[in-house]
Amino acid sequence: MSEPELSALRDAVRGEVLLPGDDGFDAAHKPWNLAVAQDVRAVVTAADADDVAALVRYANQAGVPIAVQPTGHGASGTAAGAVLLRTGRLDELSVDPEARTARIGAGVKSGAVNVAAAAHGLVAKPGSSPTVSVAGYTLGGGVGFFARKYGMSSDHVIEFEVVDASGEHQKANADENPDLFHALAGGGGDFAIVTALTVRLHEEAELFGGTMFWPDARAAELFAAFRAVTATAPEELSVWISRAQFPGGAPAMVAVTAAYLGSENDARALLKPFDAVDGALSGEWKALPFEEIAAITNDPVDPAPSVSRSELLGRFDADVVATLLAEPVAPLLAVQVRHLGGALTGARPGPRGPVAEEYLVYLLGLAITPDGGAAVAARQAELVAALGDAVTGTKLATFLGPTDTFADTVSAAEAERLRAVKQTWDPQGRFVANFPVAE
């Protein structure tokens, strides 16, 4: 960036501006997944929503794109050459317990909403990580612990507050700018910059959950129990099962994660098939206060280099299980299966229609070196190929990886509709999403 361009940018916004070589730039420009390169021309931390609008007006004059990453989760490498916008200072958060709604700034993280809602006996629809921004997670749909009962997080947005491509403040809801509202409700951040959103909360009295670990030698029994439990599970229960290989040479283990909206007695009765599997090593399932939702999985809170891949499964039978158990976990960290179904199978307000598949397989590995990342990706491809026609080929936007495009998540008609919204609201392509709708 030339000195006049830099001067104009710093004059345009009140927030912090960092360029390559500045103190703090290296930390500020890195995404959550450190394996993703982000060769951005500047990082701007907006002071508030008006500052976001000022940045857009500057970008229009300078002819530069803007990539928005509140926390850097979901970065895919599309931000090269862009001004990277961080929204962490847009941290307004208010809960209306009477209306059962929350207004959430674009920089607010999931963990903060969990705590604020729980103070009123209410819950949002969080994922497993407390460090993900609610805005970013919701723009991708959001499929978390309570999705079987409540659907995607994006299903419960009442209104988005945005800055459009001309630098003007706008609102998008079912009545005002409904085309934009439809696109943002799970269609990604390719259309406008979300500065805040208002969402519905729900009243829930009890939460039970956690993660338990067994040796990998018990994998066949545990996967059989998982199939039995999920075959008749009520919508209040979500169960995930993972074969895990932690770094450092420890033996592989099987983790069973459960989240239940209801009493401990009912949850333990539903999970009873797992009790028949001896040899549990560690972990526990227990009653939890809602502000401690993140304790169910204790997801990492620090960035790391990784490669992920997910696939929806049209069937989850004995052949699929045999494939998932046939080889060691390494070089992957985890081979995980999540039970979907329930409310996810219904219609929703955004572009992602009903999710017909009831199971998702998620494959994760570290990419400390390029060769290590390539080995992980190759193993992921081998395992997906071995699953054959059990893999449907459709995706959930929440889980998109480096081999995916946004078009994999929606029907052809919806993809065309999203491209039309992009053309209407951002004809110059000022905004660059992690997974652009035009690709």
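Shown above is the structure to which this text applies.
Only a predicted model underlies this, so the values are computations on that prediction, with no experimental measurement involved.

Asks: What am I meant to see in the packing of aromatic side chains here?
Replies: Two numbers describe a pair of aromatic rings. These are the distance of the centres and the angle of the planes. The full count for this structure, using the stated rule, is 10 aromatic pairs. Ring geometry for tryptophan 214 against tryptophan 285: centres 6.3 Å apart, planes inclined by 55°, an arrangement best described as tilted. Taken as a pair, tryptophan 214 in strand E12 (residues 207–215) and tryptophan 285 in strand E15 (residues 282–288) lie far apart in primary sequence, 71 residues in all. Given the relative accessible area of 5%, tryptophan 285 is considered buried. Here a set of aromatic residues connected by ring pairs shows up, and it is made of Phe145, Phe146 and Trp240. Across the ring face of tryptophan 240, the terminal group of arginine 338 is positioned such that the distance to the ring centre comes to 3.7 Å.

Asks: Which parts of the structure should I look at to understand the sheet that holds strand E1 (residues 16–18)?
Replies: Backbone-to-backbone hydrogen bonds join strands into a sheet, with any given pair of strands oriented parallel or antiparallel. Taking strand neighbours across the sheet as the criterion, the four strands line up as E1-E2-E4-E3 in an open arrangement whose pairing is mixed. At either margin of the open sheet sits one strand with a lone partner, and together these are E1 and strand E3 (66–68). Direction aside, neighbouring strands of the sheet carry axes that sit 25° apart on average. Across three bridges, the pairing between E3 and strand E4 (residues 83–86) is parallel. Bridging across to E4, alanine 67 finds its partner in leucine 84.

Asks: Looking at this model, I keep getting lost on the side chain of arginine 430. Mind explaining?
Replies: Mapped onto the elements of the fold, arginine 430 is located in the segment after helix H13 (412–425). No salt bridge forms around the buried arginine 430; measuring N to O, its nearest opposite-charge neighbour aspartate 426 is 5.8 Å away. A polar side-chain atom of arginine 430 sits 3.1 Å from the main-chain carbonyl oxygen of valine 64. Those residues in contact with arginine 430 that sit more than four places away from it in its chain are Ala59, Asn60, Gly63, Val64, Pro65 and Ile66.

Conventions and cut-offs
- Residues numbered from 1 in each chain as written.
- Predicted model: local features only at pLDDT ≥ 70, side-chain atom pairs only at ≥ 80, totals over all residues.
- Heavy atoms only, no water.
- Phe/Tyr/Trp six-rings, centres within 6.5 Å; stacked < 30°, edge-to-face > 60°.
- Helix = DSSP H or I, 4+ residues; strand = E, 2+ residues; numbered from the N terminus.
- Buried < 20%, exposed > 50% of the residue type's maximum accessible area, 1.4 Å probe, protein only.
- Lys NZ or Arg CZ within 6 Å of the ring centre and 35° of its normal.
- Pairing = 2+ DSSP bridges.
- Axes fitted to C-alpha atoms, helices over the stretch in contact; angles between N-to-C directions.
- Lys, Arg positive; Asp, Glu negative; His and termini not counted.
- Salt bridge = Lys/Arg side-chain N within 4 Å of Asp/Glu carboxyl O.
- Polar contact = N/O pair within 3.5 Å; in protein donor to acceptor, adjacent residues only side chain to side chain.
- Contact = heavy atoms within 4.5 Å.

Keep in mind that these numbers describe shape and distance, not what the molecule does.
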